[in-house]
Structure formats: C-alpha cells, structure tokens
Amino acid sequence: MPLSQGPKGHERPLSVNPFLGAANPVGGMTGAPPKHRLPEHPMAPSTAYQLVHDELMLDGNARLNLATFVTTWMEPEAGALMMECRDKNMIDKDEYPRTAELERRCVAMLADLWHAPDPSAAVGCSTTGSSEACMLAGMALKRRWALRNADRYPSRDARPNLVMGINVQVCWEKFCNFWEVEARQVPMEGERFHLDPQAAAELCDENTIGVVGILGSTFDGSYEPIAELCAALDALQERTGLDIPVHVDGASGAMIAPFLDEDLVWDFRLPRVASINTSGHKYGLVYPGVGWALWRSSEALPEELVFRVNYLGGDMPTFALNFSRPGAQVAAQYYTFLRLGRRGFKAVQQASRDVAQSLAGRIEAMGDFRLLTRGDQLPVLAFTTADGVTSYDVFDVARRMRENGWLVPAYTFPANRQDLSVLRLVCRNGFSEDLADLFEADLTRLLPQLRAQPRPLTEDRATATAFHH
Ligand SMILES: *Cc1c(COP(=O)(O)O)cnc(C)c1O
C-alpha cells in the first residue's frame, strides 16, 4: 500500500450542506473548506462534526467484516471506561499510577495464564498491538544473540537470522527488514500450510537469533506445532550445542488456546519458549490498539533495552517503540479480564468456535468447496473451490459476497503453494449463529449464478478482495 500522498491536480473542496453553510451564518463558514489544506478560518464544532461524520458514513459495517481479527464490538461499559480514559497517556506512569498498575496486573494475569514458571519473575508490557510486541520480542532475541556473540558481531560474516514459516504475519518481515535480520522462511509443502519443526531446525545455525512459532496462522487459522518445534530444537542442541530460543506469536491463539485447548502445551511450560505476544484487540476482546509482550524471566529480556525515564517524574522502566500512547485500551483490557474471568472467556471463545465449526460443516455440505481448516483451532476457516469447480473461483465468491455487504478475503498462498487460492472467514465475538445463517443463505443464493458463469470472471483480484493478515 502506498503511503498517503498529496492530491493530484485540482481537487474540489468539501461540499457543504446548505443547512450548515449559508443558512447557518453562526457556523462561521465563509466558503467550502478545502480538502487538502488547513482551512483558513475555524468553523463551528457542530459543522465540523457533521462534515467528518458524513464522510465516515461510507466506511464498511464492521460486523459484516469477516476478514479482520480485530474486535469490532465491546459492551457500553467498556466504551464508557475508554471515554473516561481517553486523555491518559500510558507513558506518564507517574501522573497515572493507577493505569500503570492496571497494566502490571494484566501482565501478571497473562503470565499466569501462559504458565510462566514463576509469574512474579516474568516481565512484560502493553503495546499498540502484536506488531509492536513482535518488534520488541525480536529485538530482545537479537540483542541476546549479539551479547552471546560479542566476540564476532558486528562483523561481515555474522549476519543474524530469524527462522519462521513463510506463513508469518507481515510484522515479522517488517522486523527483519527494519532491524537488518535475515528472514529464513520454511515454505509450505503439499497440504502443510505452516511451519515444519524439522525443516525449521535445519535452517538454524550459529547466527540464528530465534525461531518464531505461530499460534495460529493468519493464512488458515491453524496452530503451528510449538511443542514439536521445541523438541526439534532440543535435538539440534544435543547434536550441535546450538541453544536457540523460541518466540510464540500468539496474536490470536494466545487468547484462545488457554481457554479452549487447555491440554495443548505451547506456552511457558516449554522451557525453550522465551517470549510470547498477543493482540489484546483480537481475541483479547478489546477495541484496537492494544497488544502484549511477555518474557518468561528478566534473563530473556536484556536489561539494556529497558529505558528508565524520569523527566515526567518518577522512575518507571519502559520497553516500547513509541513514547506517548493512549491508556484507554489498557483500562479496557483490564476491564475485560475482570469482567469475564476464565469462565467468561471460555464461553465467548467457545461460541466463536461453535459458529466457525458449524459454518464449516454447512459450507462443506454445499458441495462446491474444499475445507482446509474447520475452525477447530482458531475460530477461522479457510476453504477453496472443489476440484470439479471450473466456472468460478474464490475471487468471484469474494467479489459477489461483497455485493451483499460481506467482506470475505480471497488470496493466494505463498511458496510452495502459489497454485492454491482460498477464502478465509474469521469468526469473532459478535458474529452470531444468526449472522452465520444469513451468510450461508447469501452464499447459497449466489451459487447457481456462479455455477452458470462461463469461466472465472474477476480480473482485478487485488481490488476485489482485502486480505488483512
Ligand atoms: C494480527 C497478527 C499480527 C499483527 O498484530 P497487530 O495487533 O495487528 O499489530 C501478528 N502476528 C499474527 C499471527 C497476527 O495474526
């Protein structure tokens, strides 16, 4: 996506309803305000409000967005708390010590939820989302490696690398690019759409800062085999002496597995897992943007990366990319933890999984589709057209469903399965069984038309769909 650019050529100014302009001289409008320059004069708040409000009316209906993992509904009480906290700056821990305390409690709750061997020794912080959390975790891995290899880094032949599946979320490619780390990616193979533990271990060498395991993959919602990955790295250590830490990117799954898959061992129970991140604004059930990064102990997070600033008063350690950051999301996360508890989270996540699994069954029963995942890990299903279907493809389905308001992304898999294109449905809290019925009905109604096409018709695949991965 290009960065925002200025307007090309002449642009019309904002058009203003006469009610707000001429007929409303107290509005202070002396002419239509320009779109891309600061207006010369102020205008009345009610006029400005209406202009912005009207412009935003054409944004999508988030509840029909099955592409995003991000929370689109919270209770009014959470909204009220966020309004009350909208002026709080997370960095200002001295001015807002209670907000800072809520952050600490959230970290402690997550350390306990993710089975830190000694929750009081675990360290962590809130972030703006998983991307920032992954940057911080990656930086800790890189610094630890650099400290271990101080005798030969920096030098030409010691270029750090990070091992991961090719299905990683784009934030890991960003990390590698921004921090000059080589990304070593295990490709997909056959019906394996995520990391293979053995293949990952084989990519490791003395310059590997860590291996990223994903719970679960944005491409299809599957959990990567974290315990098997750790076992493969244990074997590697026995053979070669290389001791490679694992970071678990649990952007979605770290808030699903603890409630729905209690027997799955993926977290700090595995000694090799050094750090874990999650997105508070995905299955942590908070509006965007909040994320969390935790390290199993302070040894996993080099002290030299932690900053202590005292010019706002106080002396609180922080680890973050940004300085100022809104505090409301952290209050909302604490509210959600307090409000739901373990049982509440389990009920909410189970409801999403139930909807995903039932929808998977119903889509499969239509006969036109082959399911790759069925919502039994993340409440996410990925499916493609069945072998005999030649008159339309997944891009046609995405485009036509959009006519009914549904946002269902279609996209092509990466190496070595570029031949495979899929549709993905992310079931979140708020996507009820009733909405799933409507989705099924719309898709069912569409199928005869799609089957009657002479061939797949979507030429501009990039704009027909949107893949938020
Ligand atoms: C969404 C996601 C991210 C990025 O998270 P944000 O909170 O959107 O920054 C990283 N990794 C995985 C696996 C994700 O699903």
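Please read all numbers here as calculations on a predicted model, not as lab measurements.

This part is about the overall build of the chain. Across its full length, the chain carries 12 helices and 13 strands. The C-alpha atoms of the chain give a radius of gyration of 24 Å, which matches the 23 Å a tight globule of 469 residues would have. Along the three orthogonal principal directions, the C-alpha set of the chain runs to about 75 × 65 × 50 Å. Looking at the chain as a whole, 52% of its 469 residues qualify as buried. Summing over all exposed atoms, the chain offers an accessible surface of approximately 22200 Å²; the carbon and sulfur share of this is 53%.

Burial of strand S6 (residues 273-279) is extensive: seven of the seven residues sit out of reach of the surface. Across four bridges, strand S5 (residues 246-249) lies against S6 in parallel orientation. Paired with Val248 across the strands is Ile276, a residue of S6. Strand direction decides the pairing type here: S6 and strand S7 (residues 291-295), joined by five bridges, are antiparallel. If you follow Ile276 over to S7, its bridge partner there is Leu294.

As a further point, take the pattern of salt bridges. Going through the model one piece at a time under the given rule, you end up with 23 salt bridges. Ionic pairing is found between Asp261 and Arg353, a salt bridge with its closest N-O pair at 2.9 Å. With Asp261 in the loop between helix H8 (257-260) and S6 and Arg353 in helix H9 (residues 328-365), this pair connects stretches of sequence that are 92 residues apart. Here Asp261 falls in the buried class, since its relative accessible area comes to 17%. Relative accessible area serves as the criterion here: at 7%, Arg353 is assigned to the buried category. Here Arg374 makes a salt bridge to Glu364, at a shortest N to O gap of 2.7 Å. Within this pair, whereas Arg374 is found in strand S10 (residues 369-374), its partner Glu364 is found in helix H9, the two being separated by 10 residues in sequence.

What follows is about the nonpolar core. Residues Trp114, Leu233, Trp266 and Val273 are the most contacted members of the largest nonpolar core, which totals 62 residues. If we skip the residues at most four places from it in the chain, Leu233 touches Ala201, Cys204, Val211, Ile244, Val246 and Arg272. Listed in part, the 34 residues of the second largest apolar core include Leu359, Ile363, Leu425 and Leu447.

Relative orientation of the contacting elements helix H4 (residues 130-148) and helix H5 (residues 170-178) amounts to 45 degrees, with a least axis distance of 9 Å. Between H4 and H5, the angle is such that the two are oblique. Crossing of H4 against H5: the hand is right-handed. The segment H4 lies against H5, with Ser131, Cys134, Met135, Gly138 and Met139 engaging Cys171, Trp172, Lys174, Phe175 and Phe178. Counted by class, the contact of H4 with H5 contains seven nonpolar, two polar and one charged residues.

Okay, H5 next. Among all positions in H5, only Cys171, Trp172, Phe175 and Cys176 are buried. One side of H5 carries all its buried residues, which in axial view fall inside an arc of 140 degrees. Residues of H5 that are exposed and point over 90 degrees away from its buried face: Asn177 and Phe178. Close packing links the buried residues of H5 with H4, strand S2 (161-165), strand S3 (182-186), strand S4 (208-214) and S5. If you check the start of H5, you find a side-chain oxygen 2.8 Å away from the backbone N of Cys171, and it comes from Gln169. In the stretch just after H5, Glu180 is the one whose phi turns positive, near 55 degrees.

Let us now look at the site of the ligand. Close to the ligand lie Gly129, Ser130, Ser131, Gln169, Cys171, Ile214, Thr218, Asp249, Ala251, Ser279, His281 and Lys282, which account for all nearby residues. Ser131 places a polar side-chain atom, nitrogen or oxygen, 2.6 Å from an oxygen atom of the ligand. At 2.6 Å from an oxygen atom of the ligand is found a side-chain nitrogen or oxygen belonging to His281. Coverage of the ligand by the protein chains reaches 89% of its 380 Å² of free accessible surface.

Cut-offs applied
Residues numbered from 1 in each chain as written. Predicted model: local features only at pLDDT ≥ 70, side-chain atom pairs only at ≥ 80, totals over all residues. Heavy atoms only, no water. Helix = DSSP H or I, 4+ residues; strand = E, 2+ residues; numbered from the N terminus. Rg over C-alpha atoms; globule rule 2.2 N^0.38 Å. Buried < 20%, exposed > 50% of the residue type's maximum accessible area, 1.4 Å probe, protein only. Areas by Shrake-Rupley, 256 points an atom, 1.4 Å probe, with all protein chains shown as cover. Pairing = 2+ DSSP bridges. Salt bridge = Lys/Arg side-chain N within 4 Å of Asp/Glu carboxyl O. Core = buried A, V, L, I, M, F, W, Y, C linked by side-chain atoms within 4.5 Å. Contact = heavy atoms within 4.5 Å. Axes fitted to C-alpha atoms, helices over the stretch in contact; angles between N-to-C directions. Parallel < 35°, antiparallel > 145°, perpendicular 65-115°, else oblique. Left-handed = near helix turned anticlockwise from the far one by under 90°. Nonpolar A, V, L, I, M, F, W, Y, C, P; charged D, E, K, R; others polar. Arc of directions from axis to C-beta. Polar contact = N/O pair within 3.5 Å; in protein donor to acceptor, adjacent residues only side chain to side chain. Near = heavy atom within 4 Å.

Any functional reading would require information beyond the geometric quantities listed.
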